[in-house]
Amino acid sequence: MFGTRFELDEEKILREDKYDLNKMYEIIEEMATKRAGLTKVSKNHYEFRGEKNAQAHLGILVFNCLLDSEWFTKNVKTWEWLGDSNDENYVGDLINSFKKKNMGVWA
């Protein structure tokens, strides 16, 4: 199983009133399900349920859609990569990983 799980800072988003929280979730769901081919497990959790190219599908959402979207990255509190070819129970902290690699909004 490969997937991603995140938590948006909903209080901050509502307080700042810069982005529409419901629209943000709609955009994320569209990117995840239509562009990346992932399945929605819960509000903030998406997985790839196919047999081939799971990492590629997850990468489409993480790297091509969300990483450079400031409206997402500036408002995400936690963001995890779920699964690894060596250990399906692997959970990686994407925010810390991107910070270390100077990627995305954290560069």
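Residues numbered from 1 in each chain as written. Predicted model: local features only at pLDDT ≥ 70, side-chain atom pairs only at ≥ 80, totals over all residues. Heavy atoms only, no water.

**Q** Can you break down the packing of helix 2 (residues 21–35) against helix 3 (residues 54–66) residue by residue, with the values?
**A** Contact pair helix 2 / helix 3: the axes reach a minimum separation of 10 Å and the direction vectors enclose 130 degrees. One way to sum up the angle between helix 2 and helix 3 is to call them oblique. The two elements helix 2 and helix 3 meet at a crossing, and its hand is right-handed. In contact with Ile 28, Met 31, Ala 32 and Arg 35 of helix 2, helix 3 contributes Ile 60, Leu 61, Cys 65 and Leu 66. Class assignment of the residues belonging to the contact of helix 2 with helix 3 gives a composition of seven nonpolar, no polar and one charged. (Axes fitted to C-alpha atoms, helices over the stretch in contact; angles between N-to-C directions. Helix = DSSP H or I, 4+ residues; strand = E, 2+ residues; numbered from the N terminus. Parallel < 35°, antiparallel > 145°, perpendicular 65-115°, else oblique. Left-handed = near helix turned anticlockwise from the far one by under 90°. Contact = heavy atoms within 4.5 Å. Nonpolar A, V, L, I, M, F, W, Y, C, P; charged D, E, K, R; others polar.)

**Q** Could you give me a rundown of helix 2, with the residues and numbers involved?
**A** Think of an α-helix as 3.6 residues a turn; residues three or four steps apart then line up on the same face. For helix 2, spanning 15 residues, the distance from its first C-alpha to its last is 20 Å, which sits close to the expected 21 Å at 1.5 Å a residue. All of the buried residues in helix 2 are Leu 21, Met 24, Tyr 25, Ile 28, Met 31 and Ala 32. The buried residues of helix 2 occupy one face: seen down the axis, they fall within an arc of 125 degrees. Exposed and oriented more than 90 degrees from the buried face of helix 2 are Asn 22, Lys 34 and Arg 35. Close packing links the buried residues of helix 2 with strand 1 (2–8), helix 1 (10–16), strand 3 (45–48), helix 3 and helix 4 (70–73). A side-chain oxygen of the first residue of helix 2 lies 3.0 Å from the backbone nitrogen of Asn 22; this N-cap is Asp 20. Positive phi appears at Gly 37, one or two residues downstream of helix 2, with a value of about 70 degrees. (Expected span 1.5 Å × (residues − 1). Buried < 20%, exposed > 50% of the residue type's maximum accessible area, 1.4 Å probe, protein only. Arc of directions from axis to C-beta. Polar contact = N/O pair within 3.5 Å; in protein donor to acceptor, adjacent residues only side chain to side chain.)

**Q** Provide a residue-level description of the sheet that holds strand 4 (residues 76–82), including the pertinent values.
**A** Spatially, five strands are ordered 2-3-1-4-5 in an open sheet, and the strand pairing comes out antiparallel. In this open sheet, the two strands that pair with only one neighbour each are strand 2 (39–42) and strand 5 (91–93). Pairwise comparison of adjacent strand axes, ignoring direction, gives a mean angle of 25 degrees for this sheet. Sheet topology places strand 1 next to strand 3; four bridges connect them, and they run antiparallel. (Pairing = 2+ DSSP bridges.)

All quantities given are derived from atomic positions and should not be read as evidence of function.
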